[in-house]
Amino acid sequence: MSGRAAVRIVEVGPRDGLQNIRAHVPTPIKRELIERLVAAKLGTVELTSIVSPKAIPQLADHDQVLTNPSILSLIRNPELRLPVLVPNLTGFQQALKYGVREVAVFISATEGFSRANVNCTVEQGLQRAAEVTKAAKSHGVAVRGYISCIFACPYDGPTPHTAVLHCVKSLLKAGCYEVSLGDTIGVGTPGKTRELLTFLLTNGIQPSQLAGHFHDTYGQALANAWEAYQCGIRVFDSSVAGLGGCPYAPGARGNLSTEDLVYMFEGAGIDTGVDLGRLAETGDWISSLLKIPNGSRAGVATLAKQEMTATKLSHPVEQLATPFRWKIVRAAGGLTILRDRKTAKVILDNPQNGNALTANMISELTAFFHDSKRDKSLSRIILTANGRYFCTGMDLSKGGSPVGKGGRTSTDQFNLLTDLYKAIDDAAQVTIAGINGPCFGGGVGLALACDIRIASPNATITLSETKLGLAAATISKYVVRELGIPFAREALLSGRTIPASELKQKSVVTLVADNAGTLDQTIDSYTYSLRQCAPKASAMSKELIKLGWNSAGSQAQEEGIKKIFEAMMRPDAEGSKGLAAFQSGLRKIDWDEFAASDKAKL
């Protein structure tokens, strides 16, 4: 550092950035966006807003976001500030249920915008904010204030400085520790910024009580932030990839890009504490996922520089920290399916039902794995879940469970479950189960039918069928195969809950993430490393393991081994390409890139 005072950046992408996105953004994507932002070392991230679904449909899932185990873990982290925007006392009371340690209130400096945006006068807005702040104080919750339309209003025109001063003083008096000044329609200039801040500071407001929230409608946001810094402001709001358009200037840029802000300050020797590389990757990831242009010039340039550096390396797979750039392929039947080139991620996405195996979910999962078996462009499949549980097993709800019905119902359920586990087990791709929480019965079967398992520290498996007068029939062969006979016997007969630490000790689980918040990162990093393994060779290896399990010591095993040996020795097989690369000095091959190159068509 050069000695200049550091700044604190408030990342508003998950809330202010997404709220104007028209296309529905699934909850797992919002969760992952938050996790990625925290991983990029942003210490303050605005999570969501507890508002009416009719007012802001995009944030209707605030309950699912705030009850997600990984988000709850972040909320409890005392080193992070994770505010939630609340419109009134009712919203605050809801926020308390999630253990939120900081909330934000918002008002407008102008009557026209206040009536249009929150259906009240400025004074009524201030009264609501004061009610929230008073209640928050009694519960030890911090409150941050927002003021919109600090320079101008789309309804009332230019905003008087006195109106802004009145709002700032009122919020501070009510108990807000900080007030963010919002140029809602992005008409500010450095001159206007200096004039307003000078007026506020000469009228008793301290720089430490203010933050800057500049929109980039006319391309002035970065210049305004720099001018505000020169005036003594040290806190700035921004949004990754510039997410969030301006509703009053269609097509115009909205929020100031966090990447641009970080690049400017770091380039001036002013510490932000943010990892620009990871932040740029996150901006590119979310922009690609939402199918919108990346609004950050610094982010795009940083990525381009990283890619140029990567092309100079002789071993492409050294870049294992590069995150996947997931794109939504399908969201239906309780599943959300993402894909990045040769890797797919299947998310069990019915957390309200504990991700129980309903008939619809079973059908969708089975169809996906059947289709994937024919997809030669797919090399790896991750199976994970959203919510507190990985999977609570067979749907046991009233009217939903086939238990005790017998006859055709029993046969149909047996066939459904058997087909599902077989489809996973028969996958040509390498399958990785990301166990994010407790799983029971049939959910254990999903995890054990996969090739590899990576778990959160709070993940458990429970084979509790005997306690319900049942037996783990359809999953038993996977339980015995993966746990081994002695461990499987004890697990099935006791019905006890087995923690991730024990599963790791017994090699049932390959990796346990450091915490719930890093599970996705751990899964992605491990899965990315599998790019070093050729897809057809991986499929052959899976077949060898099956032969050893199903036909150990038999003639079928001998014939199967010979067949695989002959296939791998063919001139047009992966082996000839891999050996040629090895002999040329390439010790690590990124098979995803290698297979796609003109020089190595497999």
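Described in the following lines is the structure provided in the data block. Everything numeric here is computed off the predicted structure, so don't read it as measured data.

**Focus: helix H6 (residues 111-118)**
Regarding H6, the residues found buried are Gly112, Phe113 and Ser114. Against strand S4 (102-108), helix H7 (122-138), strand S5 (142-148) and strand S6 (152-153) lie the buried residues of H6. Positive phi appears at asparagine 119, one or two residues downstream of H6, with a value of about 55°.

**Things to note about the sheet that holds strand S11 (residues 327-332)**
Spatially, the 7 strands line up as an open sheet ordered S11-S12-S13-S14-S15-S17-S20, and their pairing is mixed. Where the open sheet ends on each side, the last strands, each with one partner, are S11 and strand S20 (511-512). As paired strands, strand S17 (residues 452-455) and S20 are joined by 2 bridges and run parallel to one another. Within the sheet, the bridge partner assigned to alanine 455 lies in S20 and is valine 512. Taken strand by strand, helix H20 (residues 519-529) contacts strand S13 (343-348), strand S14 (380-385), strand S15 (430-435), S17 and S20, and its axis lies near 150° from that of S17.

**Things to note about the side chain of aspartate 61**
Its place among the elements puts aspartate 61 in the loop between strand S2 (44-45) and helix H3 (62-67). Discounting residues that sit within four places of it in the chain, aspartate 61 has contacts with Val25, Thr27 and Lys30.

**Re the packing of helix H21 (residues 535-550) against helix H22 (residues 555-568)**
Relative orientation of the contacting elements H21 and H22 amounts to 170°, with a least axis distance of 9 Å. The angle between H21 and H22 places the two elements in the roughly antiparallel class. Residues Met540, Glu543, Leu544, Leu547 and Gly548 of H21 touch H22, and the partners they reach there are Ala556, Gln557, Gly560, Ile561, Ile564, Ala567 and Met568. Classifying every residue of the contact of H21 with H22 gives 8 nonpolar, 3 polar and 1 charged.

**Here we look at the sheet that holds strand S8 (residues 178-183)**
Taken in spatial order, the 8 strands make up an open sheet running S2-S1-S10-S9-S8-S5-S4-S3, and their pairing is parallel. Strand pairing shows two members of the sheet lacking a second neighbour, S2 and strand S3 (84-85), which therefore form its edges. Bridge count for S3 against S4 is 2 bridges, and the pairing is parallel. Bridge pairing in S4 links leucine 85 to alanine 104. Packing of helix H8 (residues 161-174) onto the sheet brings it into contact with S4, S5, S8 and strand S9 (210-214), and relative to S5 it is tilted by some 170°. Most of the contacts of helix H10 (residues 221-230) go to S9, to which it runs at about 165°, and overall it touches S8, S9 and strand S10 (235-238).

**A few points about the nonpolar core**
Among the nonpolar cores identified, the biggest contains 95 residues, and Ile147, Leu181 and Phe236 are the most heavily contacted of them. Excluding residues that lie within four positions of it along the chain, phenylalanine 236 makes contacts with Val7, Arg8, Ile9, Val10, Gly212, Phe214, Ala225, Ala228, Tyr229, Leu261 and Phe265. Leu335, Phe369, Leu378 and Ala433 belong to the second-largest nonpolar core, a separate cluster that totals 49 residues.

**Examining the packing of helix H2 (residues 27-39) against H20**
Relative to each other, H2 and H20 sit at 85°, their axes nearing to 10 Å. Taken together, the axes of H2 and H20 lie roughly perpendicular to each other. In this structure, H2 uses Arg31, Glu32, Glu35, Arg36 and Ala39 to contact H20, whose residues at the interface are Asp520, Gln521 and Asp524. Split into classes, the residues belonging to the contact of H2 with H20 amount to 1 nonpolar, 1 polar and 6 charged.

**Things to note about the pattern of salt bridges**
Summed over all chains, the structure comprises 28 salt bridges. Here glutamate 46 makes a salt bridge to arginine 15, at a shortest N to O gap of 2.8 Å. Placement of the pair is glutamate 46 in the loop between S2 and H3 and arginine 15 in helix H1 (residues 13-17), with a sequence separation of 31 residues. Judged on exposure class, the residue glutamate 46 and its partner arginine 15 are both buried. For glutamate 364, the salt bridge goes to arginine 330, with nearest N and O atoms at 3.1 Å. Separated by 34 residues along the polypeptide, glutamate 364 in helix H14 (residues 359-373) and arginine 330 in strand S11 bring together distant segments of the chain.

**Some thoughts on unusual backbone geometry**
Notably, asparagine 119 is not glycine yet its phi reads approximately 55°, a positive angle. By the secondary structure assignment, asparagine 119 is in the loop between H6 and H7. The exposure class assigned to asparagine 119 is exposed, which follows from its relative accessible area of 66%.

About the cut-offs
Sequence order as written defines residue numbering, which begins from 1 separately in each chain. Side-chain atom pairs in this predicted model are given and counted only at pLDDT of 80 or more, local residue features only at pLDDT of at least 70, and totals for whole chains, interfaces and linings cover all residues. Computation of side-chain values: all heavy atoms of the structure, hydrogens and water removed. Only protein chains enter the calculation, and the probe is 1.4 Å; a residue is then buried if its accessible area is under 20% of its type maximum, exposed if over 50%, and partly exposed in between. Secondary structure counts use DSSP, requiring at least four H or I residues in a row for a helix and at least two E residues in a row for a strand, with both numbered from the N terminus. Only heavy atoms matter for contacts: two residues are in contact if any of them lie within 4.5 Å across the pair. A pair of strands counts as paired when DSSP detects no fewer than two bridges linking them. Angles run from 0 to 180 degrees between N-to-C directions of axes, and those axes are lines fitted to C-alpha atoms, restricted for helices to the stretch in contact. In this scheme, roughly parallel covers angles under 35 degrees and roughly antiparallel covers those over 145, while 65 to 115 is roughly perpendicular and the rest are oblique. Note on residue classes: Ala, Val, Leu, Ile, Met, Phe, Trp, Tyr, Cys and Pro are nonpolar, Asp, Glu, Lys and Arg are charged, and everything else, Gly too, is polar. The term nonpolar core refers to a set of buried residues drawn from Ala, Val, Leu, Ile, Met, Phe, Trp, Tyr and Cys, joined through side-chain atoms within 4.5 Å. The salt bridge definition used is simple: a Lys or Arg side-chain nitrogen within 4 Å of an Asp or Glu carboxyl oxygen.

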